[in-house]
Amino acid sequence: MATDKRPQFGNRTLDNPDDVFKHNAWDNVEWGPEQESEARQKVEQNASVKADREKAERLVGAPNTYWDAFYDQHDNKFFKDRNWLFTEFPELGEPSDTSQLLPETPSEPYPGCQARRRVWEVGCGVGNTVFPLLETNSDPHLFVYGSDFSESAVKIVRQAPQYDPQRCHAFVMNVSDEQAEVPFPESSLDLIVLIFVLSALHPSRHEPTLRRLARFLRPGGMILFRDYGRYDMAQLRFKPGRCLEDNLYSRGDGTLVYFFTQEELRRIFTGAGLEEVQNLVDRRLQVNRGRQLKMYRVWNQCKYRKPLESPPMEEGR
């Protein structure tokens, strides 16, 4: 694995405010009561004028329409490859001993059924995680699935020169649809990657979506999660009229974004029957040194595990 990735967050702290423009970003930036209060006031202000009900229902009801339009416009040129994932989530690296991960014998063959390790990225977009994962991880027993709302995005993934049906499988899926079909059985996945995806759904779909995703994990498998946190710069920049309901907004292109709290995520993940491994708030200060601008970002990073199956009770006990 390459060694020139940025260090895991938390390694660069701003001890002297006079040094703020010496680097492009600072980790674990503490917010004082005054900054927290100002952020809360900005959110109250931009949420004071809600989008009209008809528009809100249209945006919530057909998210794939707006994501299709997004990828039709931007193709694969908008998002950068997420190479940072391998420092934040080392679980995506090669397992220490693949010989202990035996392939199963399925009753009906499916893509990746002979793999010893399976990863599903929900909301794969145009492959900005799928392809770096395959290129970085030389494990021949790894198989990666990628799904997305957008048929346009999945088409771009399938047409990419890196797309190898022997190592990956991309498919269209509305993750919030509990009846949507997937190409693998329940309890068959080691990891599910959920990066800036849950925020694109209506809050009423958060816990049901996680509950369904958990069914596809093997016991001990994990969901790796990263998404927008409450009072992130993106939330504070919305103008009145973009708010659909509390902490849920529509961007100019019609796509949705929700801003989570740490406690909210703990509630919906554990409500879906998963065990907490990690639940962090990543408060980062990004700066534009040329323009002397400060930009405060707030993200949530979580790892939640499917409980191991309880051992069978001994007879007579």
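Residues numbered from 1 in each chain as written. Predicted model: local features only at pLDDT ≥ 70, side-chain atom pairs only at ≥ 80, totals over all residues. Heavy atoms only, no water.

**Let's talk about the nonpolar core**
Reasoning step 1: Core analysis: the largest hydrophobic core is formed by 40 residues, its most contacted members being Trp-120 and Ile-223.
Reasoning step 2: Among the elements of the structure, strand E2 (117-122), strand E3 (142-148), strand E5 (189-195), helix H7 (206-215), strand E6 (217-228), strand E9 (256-258), helix H9 (262-271) and strand E11 (293-305) are those that each provide at least two residues to this core. (Core = buried A, V, L, I, M, F, W, Y, C linked by side-chain atoms within 4.5 Å. Buried < 20%, exposed > 50% of the residue type's maximum accessible area, 1.4 Å probe, protein only. Helix = DSSP H or I, 4+ residues; strand = E, 2+ residues; numbered from the N terminus.)

**So, the sheet that holds strand E7 (residues 243-245)**
Reasoning step 1: What the three strands build is an open sheet, ordered E7-E8-E9; its pairing is antiparallel. Edge positions in the sheet fall to E7 and E9, since each of these pairs with one other strand and no more. Mean inter-strand twist for the sheet, computed between neighbouring axes without regard to direction, equals 30 degrees.
Reasoning step 2: Of the pairings in the sheet, the one linking E7 to strand E8 (residues 248-250) comprises two bridges and is antiparallel in character. Residue pairing for E8: Cys-243 is matched across the bridge by Tyr-249. (Pairing = 2+ DSSP bridges. Axes fitted to C-alpha atoms, helices over the stretch in contact; angles between N-to-C directions.)

**With respect to the layout of surface pockets**
Reasoning step 1: Of the voids in this model, the second largest pocket is the one considered here, and its volume is about 290 Å³.
Reasoning step 2: Considering the residues around the second largest pocket, the lining is formed by Trp-31, Gln-35, Glu-38, Ala-39, Lys-42, Met-233, Leu-236, Arg-237, Leu-293, Lys-294, Met-295 and Tyr-296.
Reasoning step 3: Elements with a minimum of two residues in the lining of the second largest pocket: helix H1 (33-46), helix H8 (233-236) and E11.
Reasoning step 4: For the lining of the second largest pocket, a count of residues per class yields seven nonpolar, one polar and four charged. (1 Å grid on protein atoms, 1.4 Å probe; cavity = no way out; pocket = protein on both sides within 12 Å on 5 of 7 lines; lining within 4 Å. Points joined across faces, edges and corners; volume = space filled by probe spheres on them. Nonpolar A, V, L, I, M, F, W, Y, C, P; charged D, E, K, R; others polar.)

**Some thoughts on the packing of aromatic side chains**
Reasoning step 1: For the structure on display, the rule yields 17 aromatic pairs.
Reasoning step 2: On the numbers, 4.4 Å between centres and 10 degrees between planes, the contact of Phe-269 with Tyr-304 is stacked. Taken together, the residues Phe-269 in helix H9 and Tyr-304 in strand E11 connect sequence positions 35 residues apart. This pair shows no difference in class: Phe-269 is buried, exactly as Tyr-304 is.
Reasoning step 3: Feature note: the residues Trp-120, Phe-143, Tyr-145, Phe-171, Phe-184 and Phe-216 constitute an aromatic cluster, connected by ring pairs.
Reasoning step 4: A cation over an aromatic ring shows up here: Arg-283 above the ring of Trp-31, its NZ or CZ 4.8 Å from the ring centre. (Phe/Tyr/Trp six-rings, centres within 6.5 Å; stacked < 30°, edge-to-face > 60°. Lys NZ or Arg CZ within 6 Å of the ring centre and 35° of its normal.)

**A look at the environment of Glu-108**
Reasoning step 1: Summarising the element assignment, Glu-108 is placed in the loop between helix H4 (85-88) and E2.
Reasoning step 2: On the basis of relative accessible area, Glu-108 is assigned to the exposed category, the value being 61%.
Reasoning step 3: Sequence spacing of Glu-108 and Pro-185 is 77 residues, and the spatial spacing of their C-alpha atoms is 9.6 Å.

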